[in-house]
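Topology and contacts: notes
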Amino acid sequence: MKRRTSWVAAAALLALGASASVLAQTYPNKVVRLQVPFAPGGTTDIVARVISEPLGKALGQSVIVENKAGGGGVVGATETVRATPDGYSLGMATVSTTAANPAINPKNPYNPVTDFTPIINIAATPNVIAVHPSFPARNYKDFVAELKKNPGKYSYASSGTGGIGHLQTELWKSLAGVFITHIPYRGAGPALNDTVAGQVPIIFDNMPSALPFIQTGKLIPIVVAAPQRLTQLPNVPTFKEVGLEPVNRMAYYGILGPKNLPKEVVDKVSNGVKKALEDPAVRKRIEDTGSLIVANTPDQFAAQIKAEFEVYKKVVDAQGLKLD
Ligand code: GLU
């Protein structure tokens, strides 16, 4: 009896596997959802909207972007983890959801290394600390001097609790010896709106969403996280130049799905993104934001996520960082 049960179970599993593979071969035969785990207007949203249309063309099906903000990106990322692994529910991979939040939150609902199928890293983006024009400093030295003179007077906006902006700013605060209060938002979009409106004097953001405000004088850039100075902002130093190399980390934006995504689906989406990035106009839209196109393999992206998670775990341990 026992034997018969296991034989039936094995046959059922085989049939399931076979039908998953048949489904993967005809993929995609309906609309693909690409979820952004943050509010509109942030870098995750920008990169998703740049890639979704040409990716849809490459796949021969529409790719629609859906925003699901909350919990520093964890609400949306958890939805992607729990989706059926058929390739129709994909999500944007961010540092906040695959490294920073899982590193700081022992109760994070998923494991970033085992619960996703990484597909492709689209781009690496620099980060920036910027201030409202009313802030009494125009460069890094004066900025730090003003904060040291007035501990606790100022606050900073981030894209969410436990995210890249939160953790990187807390790391910077402890290395620079300053104190400013954290104000989390549901993404960089709303965080930028309030900073530009003067509600919050300082923001940590990823460059693509902050740059248009910097270029129009609505925000003043103070320091950037990038391998070298950006051609768009030649007068702004990197964290490395101001002696704080550990904060000099970029962000990444890629595509992932739930674990156990069939290889055919992974290859189709990965090749579709690569094809989309062959178009010079698409590349330019990404590169004009100061970002670097990555377009790596699923294995390379998986290794990158694992490494970034380890980096953030070390930061959390070394600095004794806790949620709130
Ligand atoms: N800046 C992103 C957004 O709000 C989220 C943070 C990240 O890149 O990890 O869209």
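The coordinates are above.
Residues numbered from 1 in each chain as written. Predicted model: local features only at pLDDT ≥ 70, side-chain atom pairs only at ≥ 80, totals over all residues. Heavy atoms only, no water.

1. Section: the site of the ligand
Close contacts around the ligand come from 13 residues, with Thr44, Ser96, Ala188, Asn206 and Tyr253 the closest. Between the ligand and the protein, one listed contact pairs a nitrogen atom with a side-chain N or O atom of Asn206 at 2.3 Å. Measuring from an oxygen atom of the ligand, one finds a side-chain N or O atom of Tyr253 at 2.2 Å. Protein contacts shield 100% of the accessible area of the ligand, which totals 290 Å² for the unbound molecule. Taken together, the elements giving at least two residues each to the shell around the ligand come down to helix H2 (43-59) and helix H4 (95-104). Taken together, the residues of the shell around the ligand break down into 5 nonpolar, 8 polar and no charged. (Near = heavy atom within 4 Å. Polar contact = N/O pair within 3.5 Å; in protein donor to acceptor, adjacent residues only side chain to side chain. Areas by Shrake-Rupley, 256 points an atom, 1.4 Å probe, with all protein chains shown as cover. Helix = DSSP H or I, 4+ residues; strand = E, 2+ residues; numbered from the N terminus. Nonpolar A, V, L, I, M, F, W, Y, C, P; charged D, E, K, R; others polar.)

2. Re the nonpolar core
Judged by nonpolar contacts, the single largest core of 80 residues is most densely connected at Ile122, Phe143, Trp172, Ile202 and Ile255. Residue contacts for Trp172: discarding those within four places in its chain leaves Ile129, Tyr140, Phe143, Val144, Leu147, Gly177, Val178, Ile180, Phe239, Leu244 and Val247. Formed by 20 residues, the second largest nonpolar core is a distinct cluster that contains Val200, Met207, Leu230 and Met250. (Core = buried A, V, L, I, M, F, W, Y, C linked by side-chain atoms within 4.5 Å. Buried < 20%, exposed > 50% of the residue type's maximum accessible area, 1.4 Å probe, protein only. Contact = heavy atoms within 4.5 Å.)

3. Details of the sheet that holds strand S7 (residues 181-184)
Ordered in space as S7-S6-S8-S5-S9, the 5 strands form an open sheet in which the pairing is mixed. The sheet is open, and its two borders are formed by S7 and strand S9 (220-225), each paired with just one other strand. On average, each strand axis in the sheet is inclined to that of its neighbour by 25°, with strand direction left out of account. Sheet strands touched by helix H8 (residues 207-215): strand S5 (127-131), strand S8 (202-206) and S9. Its angle to S8, the strand with the most contacts, is close to 125°. (Pairing = 2+ DSSP bridges. Axes fitted to C-alpha atoms, helices over the stretch in contact; angles between N-to-C directions.)

4. Observations concerning the packing of aromatic side chains
Under the defined criterion, the tally for this structure stands at 6 aromatic pairs. Relative to Tyr154, the ring of Phe135 has its centre 4.7 Å away and its plane inclined at 50°; by these criteria the two rings are tilted. Residue Phe135 is found in the loop between S5 and helix H5 (140-149), and its partner Tyr154 is found in the loop between H5 and strand S6 (155-158); the two are separated by 19 residues along the sequence. For the pair shown, Phe135 and Tyr154 are each scored as buried. Geometrically, the ring pair formed by Phe143 and Trp172 is stacked, given 5.8 Å between the ring centres and 15° between the ring planes. Note that Phe143 is positioned in helix H5 and Trp172 in helix H6 (residues 164-176), a separation of 29 residues in sequence. Like Trp172, Phe143 is buried. Through a chain of ring-to-ring contacts, three or more aromatic side chains come together here, namely Phe135, Phe143, Tyr154 and Trp172. Sitting over the ring of Tyr88, Lys30 keeps its end group 4.6 Å from the ring centre. (Phe/Tyr/Trp six-rings, centres within 6.5 Å; stacked < 30°, edge-to-face > 60°. Lys NZ or Arg CZ within 6 Å of the ring centre and 35° of its normal.)

5. Section: H8
Of all the residues in H8, the buried ones are Met207, Pro208, Ser209, Ala210, Leu211 and Ile214. Among the residues trailing H8, Gly217 stands out with phi positive, at a value near 75°.

6. As for helix H3 (residues 74-82)
If you check which residues of H3 are buried, you get Val74, Gly76, Ala77, Thr78, Thr80 and Val81. Close packing links the buried residues of H3 with strand S1 (32-36), strand S3 (89-94), H4, strand S4 (116-125) and strand S10 (251-258).

7. Points about the side chain of Thr80
Topologically, Thr80 is positioned in helix H3. Residue contacts for Thr80: discarding those within four places in its chain leaves Gln35, Ser89, Leu90, Gly91, Phe116, Leu256, Gly257 and Pro258.

8. Comments concerning the sheet that holds S10
Taken in spatial order, the 6 strands make up an open sheet running S2-S1-S3-S10-S4-S11, and their pairing is mixed. The sheet is open, and its two edges are formed by strand S2 (63-67) and strand S11 (292-293), each paired on a single side. When S4 meets S10, the two strands line up antiparallel, connected through 8 bridges. Counterpart to Phe116 in the pairing with S10 is Pro258.

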